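Fold and contact review
In case you want the letters, here they are:
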Amino acid sequence: MNNRVITIQNCFKLDFHMGCMVVRQGNVSTKIFLKEIDMLIIESTAVSITACLLNELVMANVKVIFCDKKRQPSFEMLPYYGAHNTSLRIREQIAWPDETKQMVWAAIVAEKIRKQAALLKSLGLDDHALLEQYAEETQMVSKNDFEGPAARVYFRALFGENFTRGRHAEDALNAALNYGYQVLLATFNREIAAKGYLTQLGLWHDSQLNPFNMGSDLMEPFRPLVDAAVVALWPEQFETTEKQAILAVLDQGVMINHRKENVTNAIKIYVNSVFDALNEGDDTMIRFYENDK
């Protein structure tokens, strides 16, 4: 089964044998072909994993996410070289004109706000009209001025006036959002690295402390998919069942390029189109997804 997300939650030993990841606990072992794995989440700090398996996972382009003691995503593994022509891709990336990066970023942010507006509208929330206006103005002026105001309107409309969005908040709603965003970011980072580009060099995000600036940029229009899942779930706690519900977003069907794809494949198509747009200086080449109806 392709696009499979494997979560290791208990005290297992993981190693590699003849194209398979071997999951051992005591005298019991299970084999999973690496070609069937899209993402591996190591949720327990008690897991043991061999260097051989880690190397094979990287070569198989499997995204590996490690969690902390609270079972929240903490860091991920990326290869040094994701493609045979990485040096060429990096030269392209460095040479992108600022005007082109600003144009593409404006298109990405405008689409994110449109998706936020669409979610509010689908839920019968009146604030969608204001977000539609923000999206139009963002695209017209090619600036980031409306992303912050749109986010404030959006999250309060979704989760209530007293909701505060925070990366380190302890409530279940924020935990679900953070988990979903981290999984999305990891998926984007894998595709960026696989194309030979640097995740560190972004279009808008440029923090010296963020090794995933490009992923943080490109994932923006996909965030509302996580938001919709969290609204539907509205968790009072965030444990294994809730995590599985959020992970299911990656298998959700969407329309892109006039055909139905799951979100994982849609990300691949979208990322390719963004790089085409940056290299050609044409933001109309970007292929955004639409929700499957």
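Structure's up top.
The structure reproduced in this document is the subject of the present report.

Definitions and limits used
Residues numbered from 1 in each chain as written. Predicted model: local features only at pLDDT ≥ 70, side-chain atom pairs only at ≥ 80, totals over all residues. Heavy atoms only, no water. Axes fitted to C-alpha atoms, helices over the stretch in contact; angles between N-to-C directions. Helix = DSSP H or I, 4+ residues; strand = E, 2+ residues; numbered from the N terminus. Parallel < 35°, antiparallel > 145°, perpendicular 65-115°, else oblique. Left-handed = near helix turned anticlockwise from the far one by under 90°. Contact = heavy atoms within 4.5 Å. Nonpolar A, V, L, I, M, F, W, Y, C, P; charged D, E, K, R; others polar. Pairing = 2+ DSSP bridges. Buried < 20%, exposed > 50% of the residue type's maximum accessible area, 1.4 Å probe, protein only. Arc of directions from axis to C-beta.

As a further point, take the packing of helix α6 (residues 172-194) against helix α9 (residues 240-247). Interhelical geometry of α6 versus α9 gives an angle of 45° and a closest axis separation of 10 Å. The orientation of α6 relative to α9 falls into the category oblique. The crossing of α6 and α9 is right-handed. Every residue of α9 that contacts α6 at Ala-176, Tyr-179, Gly-180 and Val-183 is listed here: Lys-243, Ile-246 and Leu-247. Among the residues forming the contact of α6 with α9, the class breakdown is five nonpolar, one polar and one charged.

On the basis of which strands lie adjacent, the open sheet formed by four strands has the order β4-β3-β2-β6 and mixed pairing. Edge positions in the open sheet fall to β4 (28-33) and β6 (48-49), since each of these has one partner strand only. The strands touched by helix α1 (residues 51-59) are β2 (13-17), β3 (20-25) and β6; relative to β2, the strand with the most contacts, the crossing angle is about 65°.

A separate point is the pairing of strand β8 (residues 73-77). Examined bridge by bridge, strand β7 (residues 63-67) and β8 share four bridges and lie antiparallel to one another. Residue Phe-66 lies in a different strand from β8, and its bridge partner there is Phe-75. With antiparallel pairing between neighbouring strands as the criterion, β7 and β8 make up a hairpin whose turn holds five residues, including Arg-71 at a positive phi of roughly 65°.

The next thing to look at is unusual backbone geometry. The phi torsion at Trp-234 lies on the positive side, around 40°, for a residue other than glycine. Following the sequence through the fold, Trp-234 ends up in the loop between α8 (223-233) and α9. At His-258, a position not held by glycine, the phi torsion is positive, near 70°.

On to α9, then. Restricting attention to buried positions, one finds in α9 the residues Glu-242, Lys-243, Ile-246 and Leu-247. Projection of α9 onto a plane perpendicular to its axis shows the buried side chains occupying an angular sector of 140°, all on one side. In the core, the buried residues of α9 are packed alongside β1 (4-8), β5 (37-42), α6 and α8.

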